[in-house]
Each structure stands twice: as C-alpha cells, then as structure tokens.
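Tertiary structure, described
Below, each chain spelled out in residue letters.
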Amino acid sequence: MGLSAVTVLGVDRPGVIATVAGVLADCGVNIQDSTMTLLGGHVAMMLLVNGDLDADELTKRLCAPDLVITAAAVEARRYFGCLAGGLGYVLTVHGPDRPGIISAISAALASVGGNITGMSTRLTGRLYVLIADVELPEEVDVADLMRHLAAVGAGLDSEITFRPVEPDLL
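The sections below set out a description of the structure shown in this document. (Residues numbered from 1 in each chain as written. Predicted model: local features only at pLDDT ≥ 70, side-chain atom pairs only at ≥ 80, totals over all residues. Heavy atoms only, no water.)

**Quick notes on helix H4 (residues 142-155)**
In this model H4 runs 20 Å from its N-terminal to its C-terminal C-alpha over 14 residues, within 8% of the 20 Å that 1.5 Å per residue would give. Buried within H4 are the following residues: Val 142, Leu 145, Leu 149, Val 152 and Gly 153. Looking straight down H4, one finds that the buried residues subtend no more than 100° of arc, so they occupy a single side. Turned more than 90 degrees off the buried face of H4, the exposed positions are Arg 147, Ala 151 and Ala 154. On the buried face of H4, the contacting elements are strand S5 (87-96), helix H3 (101-110), strand S7 (127-136) and strand S8 (159-164). (Helix = DSSP H or I, 4+ residues; strand = E, 2+ residues; numbered from the N terminus. Expected span 1.5 Å × (residues − 1). Buried < 20%, exposed > 50% of the residue type's maximum accessible area, 1.4 Å probe, protein only. Arc of directions from axis to C-beta. Contact = heavy atoms within 4.5 Å.)

Given below as structure tokens:
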C-alpha cells in the first residue's frame, strides 16, 4: 500500500468534505491523518492517505471543477510526540494584526529547539489570535524562554501566554 499526501482547497460549501472522503472510501483509500479547516471562506484539507492508488490516480479520481487538489507520494514516518522526554505546551498570542507575528514566534521557539506541532490563527476584526501546540526538549530553560516570548510579544504589541499541556485532558 502506498502513502500519499493530499491537499484540497476550494470555496466552502456543504458537502465538500463528504465528497472528498466518499471518493477516497469508494477507491479503498484510508485516511490515516487529516486536518481540515476554513480559511477566509475556503475549505482547506490536508490528508495523509494509504491505499493501492498512486498519487496521479488519486488526483484524477478526486478531480472536481471547484476544487484545487494535489496528491504526492510520501514516505511513511511514525511520529511519537515529545521525543526523549520533551515537554508539551500551548502558546497563545492576542494582539493587533501585522506582518511578522508567526515569523517572530516560530523563530523564538526554534532558537531553543522547540517544535510547533499544530497551529491555527484567526483574524477577528483587528484582533489577531494565534494558538499553537509546542513541544520543547526537556533541557530547555522554560522560564528564560517565557521571558524571551514576553519580549517578543511586547515588540508586537501582543500578549503571549505559554502554559504546559494538561496531560489528563489529552
């Protein structure tokens, strides 16, 4: 069985997800991992699928006039999260919209070996909200990182919160 990454982008309407998932199921293709969201009135889907169809055949079968669909073969990798005793955190940012917010936040996290494992952003009026799941290596000085993130937030006129994931909630 081959593994493929499939992306779907189109104007949101009822039934888009049902149509894509139905075509995949009819082809005997299994959805292993997926994320689906709305972005400015467009549905955006990313799926990791496995089955007997190669990426070109998947693209043909999923073809729809109102959707942009891509499929590409990928290697199987297993992600175990928080490798080597790492720690999980949730980061939130609230502030005015401006270019560079994601760049500044992700650079601060990467500078200590932090990995963003999930992120969503929304613009509501003039308020920009970012929520990210972050994994840090065990050896990171979290207090120092929090001071650094506070300084980054101040430079963006934004409030940043950074708290440990509650393992009981997962």
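**Remarks on the sheet that holds S8**
Strand order in the open sheet formed by four strands is S6-S7-S5-S8, with antiparallel pairing between adjacent strands. Of all strands in the sheet, those bounded by a partner on one side alone are strand S6 (115-124) and S8. Neighbour-to-neighbour, the strand axes of the sheet open up by a mean angle of 15°, direction not taken into account. Strand contacts of H3: S5, S6, S7 and S8, with the helix running at about 150° to S5, the strand carrying the most contacts. (Pairing = 2+ DSSP bridges. Axes fitted to C-alpha atoms, helices over the stretch in contact; angles between N-to-C directions.)

**A few points about unusual backbone geometry**
Glycine aside, a negative phi is what most residues show, and trans is what most peptide bonds show. Positive phi is not limited to glycine here, since Asp 157 has a value of about 55°. Locating Asp 157 in the fold gives a position in the loop between H4 and S8. The exposure class of Asp 157 is exposed, given its relative accessible area of 59%.

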